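Analysis of the macromolecular model
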Amino acid sequence: MFRESIRRGTPVGLRAKAIMERGDLVPDDVVVAMVEQRITQPDCARGFILDGFPRTVAQAEALKAILRRIGLAKPLVVCLQLDSALIVRRITGRRVCKVGGEIYNIYDSPPKTPGRCDRDGGELMQRDDDREEVIRERLLAYQEYTQPVLEFYRRGNLVVDVDGSGSPETVAQALVETLEQSEDRGC
Ligand SMILES: [Zn+2]
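Residues numbered from 1 in each chain as written. Predicted model: local features only at pLDDT ≥ 70, side-chain atom pairs only at ≥ 80, totals over all residues.

Here we take up helix α4 (residues 57-69). If you check α4, its first and last C-alpha atoms are 18 Å apart, about what 13 residues at 1.5 Å a residue would give, namely 18 Å. Gly71 sits one or two positions beyond α4 and adopts a positive phi of about 75°. (Helix = DSSP H or I, 4+ residues; strand = E, 2+ residues; numbered from the N terminus. Expected span 1.5 Å × (residues − 1).)

Here we take up the sheet that holds strand β3 (residues 103-105). Strand-to-strand pairing in sheets goes through backbone hydrogen bonds, with the strands running parallel or antiparallel. The antiparallel open sheet is built from three strands, whose spatial order is β3-β2-β4. Bordering the open sheet on either side are β3 and β4 (124-125), each of which pairs with just one other strand. Bridge count for strand β2 (residues 94-97) against β3 is three bridges, and the pairing is antiparallel. Residue pairing in the sheet places Arg95 in a bridge with Tyr104 of β3. (Pairing = 2+ DSSP bridges.)

Next up on the list: the packing of helix α5 (residues 84-92) against helix α6 (residues 132-155). Put simply, α5 and α6 touch, their axes get as near as 10 Å, and they point 140° apart. In terms of their interaxial angle, α5 and α6 are classed as oblique. Helix-helix and strand crossings are classified by hand; for α5 and α6 the assignment is right-handed. Counted together, Ser84, Ile87, Val88, Ile91 and Thr92 of α5 and Glu132, Ile135 and Leu139 of α6 form the full contact between these two elements. Here the contact of α5 with α6 is composed, by residue class, of five nonpolar, two polar and one charged. (Axes fitted to C-alpha atoms, helices over the stretch in contact; angles between N-to-C directions. Parallel < 35°, antiparallel > 145°, perpendicular 65-115°, else oblique. Left-handed = near helix turned anticlockwise from the far one by under 90°. Contact = placed C-beta atoms within 7 Å. Nonpolar A, V, L, I, M, F, W, Y, C, P; charged D, E, K, R; others polar.)

Looking now at the nonpolar core. Counting residues in each nonpolar core, the largest one holds seven residues, listed as Val12, Ala16, Val31, Val32, Met34, Val35 and Ala62. Of all the elements, helix α3 (residues 28-39) adds the most residues to this core, at four residues. In contact with Val31, not counting residues within four places along its chain, are Val26 and Gln59. (Core = buried A, V, L, I, M, F, W, Y, C linked by C-beta atoms within 7 Å. Buried ≥ 20, exposed ≤ 12 C-beta atoms within 10 Å, placed from the backbone.)

Here we come to the environment of Leu150. Secondary-structure assignment places Leu150 in helix α6. The class for Leu150 is partly exposed, based on 15 C-beta atoms found within 10 Å. In this structure the C-alpha to C-alpha distance between Leu150 and Ala60, which are 90 residues apart in sequence, comes to 9.6 Å. Beyond its immediate chain neighbours, meaning those up to four positions away, Leu150 contacts Cys79 and Val159.

Contact geometry for helix α2 (residues 11-21) and α3: axes closest at 10 Å, N-to-C directions at 145°. Between α2 and α3 the crossing geometry is left-handed. Of the residues in α3, those touching α2 at Val12, Arg15, Ala16 and Ile19 are Val30, Ala33, Met34 and Gln37.

Below, the discussion takes up the pairing of β2. Of the two faces of β2, only one is covered, namely that formed by Arg95 and Cys97; the face formed by Arg94 and Val96 stays uncovered. Joining the antiparallel neighbours β2 and β3 is a turn of five residues, in which Gly101 adopts a positive phi near 80°. Bridging between β2 and β4 involves two bridges; their strand directions are antiparallel. Bridging across to β4, Val96 finds its partner in Met125.

No statement about biological role is implied by the geometric values presented.
As structure tokens, this is what we get:
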């Protein structure tokens, strides 16, 4: 969403660009303006999925106000449950092909030849963000800033917990079932 706003040169995109070029974190009001601009597009009229937003209670409050203003239903919050050891294993195991961008996991879906992409033979690399110390930092930030967001939505009875420990297919199936059930209850 950020990249798209910047590419299109929207006013809020230009503001975000200037802030990011200074190396600063984009403040909540800019993030929220960007989200509002996006979710009021026609393709969002029947619903949309937000990933990575809201990350703070202030953002969650702002989203609540936007949804009310544009007349959309309350959100359904899906919390993927899995323990931190499994999170670390999944992320530290991730390898990305330098040529085609294919994604592997050295533990759960390894390439046939270690370090080489099955499809194009490209070298597999680990992203800087996928190192264990970076993940531990992100988990701490999650506990500090994002856990309160979850509590905010739990108080509103809007959270559904889904077991995220299974295979991608199992988790995807559980997500689809969760969304279908939530449609029934009019979320
Ligand atoms: Zn490849």
